[in-house]
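Chains, contacts and geometry: an overview
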Amino acid sequence: MKKKVLSVLLSAVVAAALLTGCGDKASESSSESAAPAQEEQSEPEAAEAANQSDAAEAEEQAGEAEAAEEGLTAETAMLVSATGQVIEPKNGEHYKFGFTEMSAGSFFDACYNGAAEIVEANGDEIVHVEGKADSAYQLGVVEDFIAQGCDVVFYNPSDAAASAAAVKALNDAGIPIINFDSAVSDLSKVDCFVVSDSYSCGQIAGEELVKNHPEGGKVAVLDFPASAAATDRANGFIDTVTANGFEVVAQMDAGAKPEKGLTVMGDLIQGHSDLTAVFCINDECAQGAYSAITAAQEDIEIYSVNAGPEAKAAMAKDGKEGIWKCTAAQSPIGIGKQSAEVAYKVLEGEEYETRIEIASFAVTPDNIDQYKDSDWQ
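On a predicted model such as this, the values are computed, not experimentally measured, just so you know.

Spatial strand order, 9-8-10-11-12-14: 6 strands in an open sheet with mixed pairing. Two strands close off the open sheet at either side, each with one partner strand: strand 9 (246-253) and strand 14 (362-363). Two elements, strand 8 (residues 217-223) and strand 10 (residues 277-280), share 4 bridges in a ladder whose sense is parallel. Bridge assignment links Val219 to a residue of strand 10, and that residue is Ala277. Seen against the sheet, helix 10 (residues 309-318) touches strand 12 (324-329) and strand 14 and runs at an angle of roughly 145° to strand 12.

Written out as structure tokens, the structure is:
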């Protein structure tokens, strides 16, 4: 609103200058009516030049007054983000970032740590509040970030379909959004989306299953429909295995958590005794599946996504004879760092990509020795 008022005042000053210039020249013309004809012919050109000079001077003075009021200089011009948000430079002050993920977990802790490393290295502040797998609660978190005056928000939605309200609130407040890991419902409303190639993660897990069982078989999928990333992973896996002789006999929501993974996998074992494998959209629900399968002493193989510490520990312990055959690696530390790096580019008016995808790879019992000593990559 302040910008609009200043623009109106600027227009008024310029108009006044033009009128004053015209009045002054009219007086000069009247008092010098006896001047030679040659001078009368050049007077309109002189008046026009004088008017333009007066207007330019008035505009420059008004601009300087506006800049002084706003604390801006020629070196700190207004910036506009990819979504059209106007960003005011901080003139040496520190930035404040908000960070919220769908729910607590070691994967998101690693994302946060990656972002915090970059932010804190710049002497800035980052506030971390998880979304508790509740879109209404997470909306309140976002509204609190706005009230705190955060300059950028790192946002991983609890529910992609319900993310519009939080995105709109940030857009209305003029706060850039770095969406990470799981997409919001409308990516055109965020400044950048940083993600593992989720579909490729599912493909990689599926390719390992096909390699281990070229004869095909029956599989189940533990998914999490509230997450767009989880849906992409499931689709990548399903497309790969069904094209190679496998049948998906069940697909169930396991909540992306160990507790529900345990319950759902237990039910699947009861209903499908001939499963060759189960695909889990993340290592956390796979932990529950692992517990259910080992407790039932079944030989159902697990293929998952993340390559987190729990999956790598199980592989290292069980060896090549174990049931956890593959986890498609994500790099949450890399996601966090890339998110923070692009946030600074947005704030500083530099060029940046609006979508950044981080490649995945397979971690298996065959190569676990390369990765077992680190929690995340």
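There's plenty left to go through after this.
This part is about the sheet that holds strand 13 (residues 355-358). Spatially, 6 strands are ordered 4-3-5-6-7-13 in an open sheet, and the strand pairing comes out parallel. Looking at the sheet topology across the chains shown, the edges are occupied by strand 4 (125-128) and strand 13. The sheet shows a mean angle of 15° between the axes of neighbouring strands, direction not considered. Pairing of strand 3 (residues 96-100) with strand 4 involves 4 bridges; the strand directions are parallel. Paired with Phe99 across the bridge in strand 4 is His128.

What follows is about the nonpolar core. Counting residues in hydrophobic clusters, the biggest one holds 53 residues, and the most contacted among them are Phe97, Ile126, Phe154, Ile178 and Phe237. Looking at which element gives the most residues to this core, the answer is helix 3 (residues 106-121), with 9 residues. The contacts of Phe154, once residues within four sequence positions are left out, are Phe97, Gly98, Phe99, Thr100, Ile126, Ile178, Phe180, Ser339, Ala340 and Ala343. Counting residues in hydrophobic clusters, the runner-up holds 29 residues, among them Leu222, Val278, Ala292 and Ile368.

Here we take up helix 5 (residues 164-173). Along helix 5, the residues classified as buried are Ala166, Val167, Ala169, Leu170 and Asn171. Among the structural elements, helix 4 (135-148), strand 5 (152-155) and strand 6 (177-180) are those in contact with the buried residues of helix 5. In the stretch just after helix 5, Gly174 is the one whose phi turns positive, near 75°.

In this section: the side chain of Glu101. With respect to the helices and strands, the residue Glu101 is situated in the loop between strand 3 and helix 3. Here Glu101 is buried and forms no salt bridge, its nearest opposite-charge partner Lys257 lying at an N-O distance of 8.6 Å. A distance of 3.0 Å separates the side chain of Glu101 from the side chain of His128, its partner in a polar contact. Excluding its chain neighbours within four sequence positions, the residues that come into contact with Glu101 are Phe108, His128, Val129, Glu130, Gly131, Gln138, Asn156 and Phe180.

This part takes up empty space enclosed by the protein. Counted under the stated rule, the structure contains 1 cavity of 30 Å³ or more. Its boundaries defined by the atoms lining it, the largest cavity holds a volume of some 50 Å³. Taken together, Ser135, Gln138, Leu139, Tyr155, Pro157, Ser158, Asp159, Ala162, Ser163, Ala165 and Ala166 make up the lining of the largest cavity. Among the secondary structure elements, those contributing two or more residues to the lining of the largest cavity are helix 4 and helix 5.

On to the layout of surface pockets, then. Approximately 200 Å³ is the volume attributed to the second largest pocket. For the second largest pocket, the lining is made up of 20 residues, of which Met102, Phe108, Ala256, Asn282 and Glu284 are closest to its centre. Contributions of two or more residues to the lining of the second largest pocket are made by helix 3 and helix 7 (228-242). Among the elements that take part in the lining of the second largest pocket, helix 7 stands out by supplying 3 residues, more than any other. In terms of residue class, the lining of the second largest pocket is made up of 9 nonpolar, 7 polar and 4 charged.

Conventions used here
Residues numbered from 1 in each chain as written. Predicted model: local features only at pLDDT ≥ 70, side-chain atom pairs only at ≥ 80, totals over all residues. Heavy atoms only, no water. Pairing = 2+ DSSP bridges. Helix = DSSP H or I, 4+ residues; strand = E, 2+ residues; numbered from the N terminus. Contact = heavy atoms within 4.5 Å. Axes fitted to C-alpha atoms, helices over the stretch in contact; angles between N-to-C directions. Core = buried A, V, L, I, M, F, W, Y, C linked by side-chain atoms within 4.5 Å. Buried < 20%, exposed > 50% of the residue type's maximum accessible area, 1.4 Å probe, protein only. Lys, Arg positive; Asp, Glu negative; His and termini not counted. Salt bridge = Lys/Arg side-chain N within 4 Å of Asp/Glu carboxyl O. Polar contact = N/O pair within 3.5 Å; in protein donor to acceptor, adjacent residues only side chain to side chain. 1 Å grid on protein atoms, 1.4 Å probe; cavity = no way out; pocket = protein on both sides within 12 Å on 5 of 7 lines; lining within 4 Å. Points joined across faces, edges and corners; volume = space filled by probe spheres on them. Nonpolar A, V, L, I, M, F, W, Y, C, P; charged D, E, K, R; others polar.

These values are about where atoms sit, not about what they do.
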